[in-house]
Amino acid sequence: MSPLLTIAATGEAENPLVPPIPELVIGLIAFVIVFGFLAKKLLPNINKVLEERREAIEGGIEKAEAAQTEAQSVLEQYKAQLAEARHEAARLRQEAQEQGAALIAEMRAEGQRQREEIIAAGHSQIEADRKAAASSLRQDVGKLATELAGKLVGESLEDHARQSRVIDRFLDELDEKATKAEATR
């Protein structure tokens, strides 16, 4: 029979929202068994997995913070080393500039000294050449003067000692005249 016929036969109208008592008891017992099984077996496993995940997440965060702290300290060390390297490079550059300036000054001094030596040697050579030219000129002028004087006087002035005295006296007179002429200017 159908439930509608049963209700019509009994004449009572049951509340469809309230289940019969035996079904309610059986449902309650089944619920307690399932709940107990879940509480005893599944819940500890779920809690264990959740705890492991929580620890892994917290450990990951701690590891990340530690890594970040370590990275920050490494960065600071790198910056310090970089600053030190820059300071060292600047110091080396300054030393090189100072050494270069000292070397340039030394080379200039050496060049100046060599120039002075060359000039002094040149002056000495010029003086020696001038003296040699003056001596050669004296001899040539003396020889020409002796020949001219011999032709004028009509006698030979071949005596070397006399010739030297005449030439020296003549040239000394020329030097005195040249000196007086320069002094009057």
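Remember, it's a predicted structure, so these values are computed and weren't measured experimentally. (Residues numbered from 1 in each chain as written. Predicted model: local features only at pLDDT ≥ 70, side-chain atom pairs only at ≥ 80, totals over all residues. Heavy atoms only, no water.)

Quick look at the overall build of the protein chain
For step 1, the next point in the chain: Looking only at helices and strands, the protein chain has three helices and zero strands in total.
For step 2, the next point in the chain: Sequence-ordered secondary structure for the protein chain, helices as α and strands as β, is α-α-α.
For step 3, the next point in the chain: When burial is assessed residue by residue, the protein chain has 4% of its 185 residues classed as buried.
For step 4, the next point in the chain: Working note: accessible area of the protein chain is about 16400 Å², and carbon and sulfur atoms make up 62% of it. (Helix = DSSP H or I, 4+ residues; strand = E, 2+ residues; numbered from the N terminus. Buried < 20%, exposed > 50% of the residue type's maximum accessible area, 1.4 Å probe, protein only. Areas by Shrake-Rupley, 256 points an atom, 1.4 Å probe, with all protein chains shown as cover.)

Re the pattern of salt bridges
For step 1, the next point in the chain: Inspection of every chain in the model, using the stated rule, returns eight salt bridges.
For step 2, the next point in the chain: Salt-bridge contacts for Arg 91 lead to Glu 88; the nearest nitrogen and oxygen are separated by 2.2 Å. Remark: Glu 88 and Arg 91 occur in helix 2 (residues 21-153); sequence separation between them is three residues, near one turn of the helix.
For step 3, the next point in the chain: Its relative accessible area of 33% is what places Glu 88 among the partly exposed residues.
For step 4, the next point in the chain: Here Arg 113 ties to Glu 110 by a salt bridge, and the two come within 2.2 Å at their closest N and O atoms. Here Arg 113 pairs with Glu 110, and both are found in helix 2, just three residues apart, close to one helical turn.
For step 5, the next point in the chain: What makes Arg 113 partly exposed here is its relative accessible area of 38%.
For step 6, the next point in the chain: What you see here is one network of salt bridges that share partners, running through Glu 51, Arg 54 and Glu 58. (Salt bridge = Lys/Arg side-chain N within 4 Å of Asp/Glu carboxyl O.)

Points about a nonpolar patch on the surface
For step 1, the next point in the chain: On the surface, a cluster of nonpolar side chains totalling about 610 Å² of accessible area is made up of Val 34, Phe 37, Leu 38, Leu 42, Leu 43, Ile 46 and Leu 50.
For step 2, the next point in the chain: Residue position: Leu 42 is located in helix 2. (Patch = residues over 30% accessible without salt bridge, like charges linked within 9 Å, V, L, I, M, F, W, Y side chains within 5 Å.)

Some points on the packing of aromatic side chains
For step 1, the next point in the chain: Throughout the structure, instances matching the rule amount to one aromatic pair.
For step 2, the next point in the chain: Aromatic side chains Phe 31 and Phe 35 sit 6.0 Å apart centroid to centroid with 20° between the ring planes, which places their arrangement in the stacked category. Taken as a pair, Phe 31 and Phe 35 lie in helix 2 at a separation of four residues, close to a single helical turn.
For step 3, the next point in the chain: We classify Phe 31 as exposed; its relative accessible area is 55%. (Phe/Tyr/Trp six-rings, centres within 6.5 Å; stacked < 30°, edge-to-face > 60°.)

Remarks on the confidence of the model for the protein chain
For step 1, the next point in the chain: Chain-level pLDDT for the protein chain is 84 on average; 86% of the residues reach the 70-or-more range.
For step 2, the next point in the chain: Predicted confidence in the protein chain is weakest over helix 1 (residues 3-10), with a mean pLDDT of 52, and strongest over helix 2, with 89. (pLDDT = per-residue confidence, 0-100.)

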